Amino acid sequence: DKYPTQNMEAYNLYLRGHLKNDSRKFEDIEQNIVLNKQAIHLDSSFVEAYEELAMSYYLLSKTGINLVMKYDGLESRKKSKHYAEKAIQINSNSNRAWLVKAILMHHKNWDLAKEFHKKAIALNPNDALAHTMYAEYFLYKPKPNIKKYLDQLIIAQNLNPLSSVLAKNFVTALIINEQLEKAEKYLEDNKFLFQEIDFIELESKLIAYKNKDWTQVIPFLNSKIEKDPKNAFLYNVLGDAYDGIKNNDSIAVI
């Protein structure tokens, strides 16, 4: 109904930041924050820039890098909430701001999280990210619903079929719903969407669910290491397997 901003320099900064943010890499999220702070300096009523800041600070709070870098997880969540509420003050129909408020309620107030998720989707039912995050609500709430987890990801995947972030969640949802042939075919057809380590982790899950035995993952990972003995990521996954599957800390830390 209206232009996001009349300031084209601010809009250009927002677009550059948005593209970087979608990579989910730490340095790109950080750069997105820099760019969108510049955007709101140029136009203090630019709702979409506040939405980007809200989502970026939320993502920072999840990176784990907070522990060793200059960002504090709790402080990042406070800033995420601040920018989401600022966006809503300017435009109460800011769906991404309501989405951020929803995910900030995960593990704190599940009823309120659901209310905010439904509001975000009602405001923009074609937002793939809103459906992706609503899917996570169904996975992580106290009584998970893996069927609804998959249902939301199917909607999201149809809306944004080339999202690498979404692809990993989508395959995971297929696997835990035991739609193994579909998961295997999707992996084969869309290998280009996955980082190597994510692809191997999903292959591991497929092996475990097919055999109904997580210990079968160990020889699979060892075979990968034999072919690529200098791949640090493979050792990390193998260590997790020994820790999580076999409860063997002594081998896990080798």
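Please refer to the structure placed before this passage.
Overview of the structure. Just so it is clear, the model here is predicted, and its values are computed rather than measured. (Residues numbered from 1 in each chain as written. Predicted model: local features only at pLDDT ≥ 70, side-chain atom pairs only at ≥ 80, totals over all residues. Heavy atoms only, no water.)

A word on the packing of helix α4 (residues 73-90) against helix α5 (residues 95-104)
Next up, step 1: Packing of α4 against α5 leaves a shortest axis separation of 8 Å and a crossing angle of 145°. Handedness of the crossing formed by α4 with α5: left-handed. Of the residues in α5, those in contact with Arg77, Ser80, Lys81, Ala84, Glu85, Ala87 and Ile88 of α4 are Ala97, Trp98, Val100, Lys101, Ile103 and Leu104.
Next up, step 2: Grouping the constituent residues of the contact of α4 with α5 by class yields eight nonpolar, one polar and four charged. (Axes fitted to C-alpha atoms, helices over the stretch in contact; angles between N-to-C directions. Helix = DSSP H or I, 4+ residues; strand = E, 2+ residues; numbered from the N terminus. Left-handed = near helix turned anticlockwise from the far one by under 90°. Contact = heavy atoms within 4.5 Å. Nonpolar A, V, L, I, M, F, W, Y, C, P; charged D, E, K, R; others polar.)

Regarding the side chain of Glu136
Next up, step 1: By the element assignment, Glu136 lies in helix α7 (residues 128-140).
Next up, step 2: In this view, Glu136 contacts Lys62, His106, Tyr149 and Asn169; residues no more than four positions away in its chain are not counted.

Observations regarding unusual backbone geometry
Next up, step 1: The phi dihedral of Glu178 is positive, around 60°, even though this residue is not glycine.
Next up, step 2: Looking at the secondary structure, you find Glu178 in the loop between α9 (164-176) and α10 (180-189).
Next up, step 3: Its identity is not glycine, yet Lys212 carries a phi of approximately 50°, on the positive side.
Next up, step 4: Its place among the elements puts Lys212 in the loop between α11 (196-211) and α12 (217-227).

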